[in-house]
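# Structure assessment
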Amino acid sequence: MENKFEWKFTDIYKTKEDYKEDIKKVKEKLEEIVQYKGKLKDSSENIYKCYKIFEEIVEMDCKIYAYGMLQYHKNMTNQESVELFKEAEELDNKIDEKTAFMVPELTDMDTNTLEKYMKEDKRLQRYSRRINEILENKKHILSKEIEEVLSKFSDTFNGCENAYSVLTNAEIEFPSIKDSDGNDLEVNEAEYSKLLENKDREVRRKGATTLVSEYGKYINTITELYLNTVKQDTKIAKLRNYKSSLEKAVIDDEATVKVYETLLKTINEHIGINHEYTSLKKKLLNLPDIHMYDMSINPFNQTDTPMDIEDAEELVLKALAPLGTEYVNKLKEAFNSNWMDAYQSPNKRGGAYNMPVYGVHPYVLLNYTGTSFDVSSIAHEFGHAMHSYYSDKNQNVLEHSYTLLLAEIASTVNEILLAQYRLDNSTDKQEKIALLYDRIETVKSTLFTQAMFAEFEQEVHSRIENGEILNAEKLGNIYVDLCRKYYGEDLVIDEYNKYNWTRVNHFFRCFYVYKYATGISCAIDIASRILSGEEGLVEKYINMLKMGGSKKSLDILKTVGIDLEDSRTYENALKFYKNDIEKLEELI
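Structural notes, computed from the coordinates. What you see is a predicted model, and the numbers here were worked out from it, not measured in a lab.

By the element assignment, K283 lies in helix α14 (residues 272–285). Among the residues examined, K283 registers a relative accessible area of 65% and is labelled exposed. Along the chain, K283 and K498 lie 215 residues apart, while their C-alpha atoms are 25 Å from each other.

Put simply, helix α5 (residues 111–120) and helix α6 (residues 128–137) touch, their axes get as near as 11 Å, and they point 165 degrees apart. The angle between α5 and α6 places the two elements in the roughly antiparallel class. Crossing of α5 against α6: the hand is left-handed. Contact residues: T111, L114, E115 and M118 in α5; S128, I131, N132 and L135 in α6. Grouping the amino acids of the contact of α5 with α6 by side-chain chemistry returns 4 nonpolar, 3 polar and 1 charged.

Bringing the sheet that holds strand β5 (residues 353–355) into the picture now. Read from one edge of the open sheet, 3 strands run β4-β6-β5, paired in mixed fashion. At either margin of the open sheet sits one strand with a lone partner, and together these are β4 (340–343) and β5. Across the sheet, the mean angle from the axis of one strand to that of its neighbour is 10 degrees, orientation sign disregarded. Both β4 and strand β6 (residues 363–368) contribute to a ladder of 3 bridges, which runs parallel. By the bridge assignment for β6, D341 is matched with L365. On top of the sheet, helix α2 (residues 44–74) reaches β4, β5 and β6; it is set at about 150 degrees to β5, its chief contact. Along the sheet face, helix α15 (residues 309–319) touches β4 and β6 and points at about 130 degrees away from the line of β4.

So, about the environment of D308. Mapping D308 onto the fold places it in the loop between β3 (290–291) and α15. Between the C-alpha atoms of D308 and E171, which are 137 residues apart in sequence, the distance is 41 Å. Side-chain polar atoms of D308 contact the backbone nitrogen of E310, separated by 3.0 Å.

Procedures and definitions
- Residues numbered from 1 in each chain as written.
- Predicted model: local features only at pLDDT ≥ 70, side-chain atom pairs only at ≥ 80, totals over all residues.
- Heavy atoms only, no water.
- Helix = DSSP H or I, 4+ residues; strand = E, 2+ residues; numbered from the N terminus.
- Buried < 20%, exposed > 50% of the residue type's maximum accessible area, 1.4 Å probe, protein only.
- Axes fitted to C-alpha atoms, helices over the stretch in contact; angles between N-to-C directions.
- Parallel < 35°, antiparallel > 145°, perpendicular 65-115°, else oblique.
- Left-handed = near helix turned anticlockwise from the far one by under 90°.
- Contact = heavy atoms within 4.5 Å.
- Nonpolar A, V, L, I, M, F, W, Y, C, P; charged D, E, K, R; others polar.
- Pairing = 2+ DSSP bridges.
- Polar contact = N/O pair within 3.5 Å; in protein donor to acceptor, adjacent residues only side chain to side chain.

This is a description of form; function is not addressed.
Dropping the structure here:
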């Protein structure tokens, strides 16, 4: 009997021979496409034929890469799977290499000529999104000679991030600590969240100070790596004619500087809400003072009753009923059609993710054990999967992928709808407290904490762009001042807190974290309006999912009434957060 909780790789390729045949076809297509190198400017016919071949290559590669990667993640020690994945990765690199001429050639073309081709040859409309992006970015493209030099140094641009990763994951050694019974407790990043959730306050204190202080021993090295990352980012932004490194980042994200600034401005105007939560947590924990190492502890004694996966699926289907019959029926079909590999197994990749496979269906990886978090993960990952499904069915392969600005919206909408359904249908007071508390913590960490990180990045980049010389002490002071601002005067700042910024690996991917805050703000806005019964919104939301990456991200969001440059989007999220805090206070 077929196990519906395991992936079916035959949905992608019936046999490995079919997989090999597509690899062969891609290599043949690559030999075809290079025939257009140096000839794109000659005619619209050449541009069209080149892009048509490119589209065919990308569509086959989506299946090839997924076939290799998914089998590898199913069993990461199986040598046949390892070889499949390596083969897929090598093909990916070959595709990048053989098609690298396309964007530079169109960039070098006379703008009027390219626009004339676009107007005269209607077939190019299929590729207008990509071609228009090239036209828009021309002012940031440098001469052939400079671009060639930069490309030769491209593999060094991530050097500081890679060095940071090696240092923090392989070279820093953390001493163990002892609990109240004298037992040794490991201290490392993998165990850190468990230490901070320990009911013994002394374990939390020793765990936090021990781990972060070890980072502190390397503070000058990490500071140098980070500041060099920022300097590199600011210099490249200036070289490419951006007004700032922030402008460069948000344009790459299809956002704007105004989006970034409106987010931070609105959060700062309502920062008192988070101060109130800090005070509430201090009260709930019955502590004379509250430190950063106390902020992760759950003040409630909650039991997490395991839920069978089929019951979890049924719960998710009921919770997502507000998204309409079509959505729910397709999700039910997905649950029964091997879209997910659900359970833990030896050598399987950890965590959870969604992998869209264009022309087939999404593949969802879970490691389900029945916890409340795992139930929420089903809603979350299938939010991604349904977004991918709708996008793939309605867009060509070059426009089905959506940006990071949109990526976490559908998944978080599902989480919010699930939590609200469970709240509305629970008769158990303790369960309601647990659900509310978890939702509050999610909003706090995704909205407030990520906004604080985003403000740290903005401050550091701005100071460097203005010529200020920064050092470890100044970075520590910036971070600690932001902690005080975001958490309020009830929070006691310890000496080790000035090193906490060194643990945020996302800082090495400049201006990355703000998208978490915008994403949850959009999701709260959409989910709240769906639950309130706003007429026509579900249809607009499904249409938004269908749009994939066919338009600019901000324009796609406007189809569901969201303007990320308008403070109201963030104000709605903050109101949601405040209301949940008030509901929690009423219940306790």
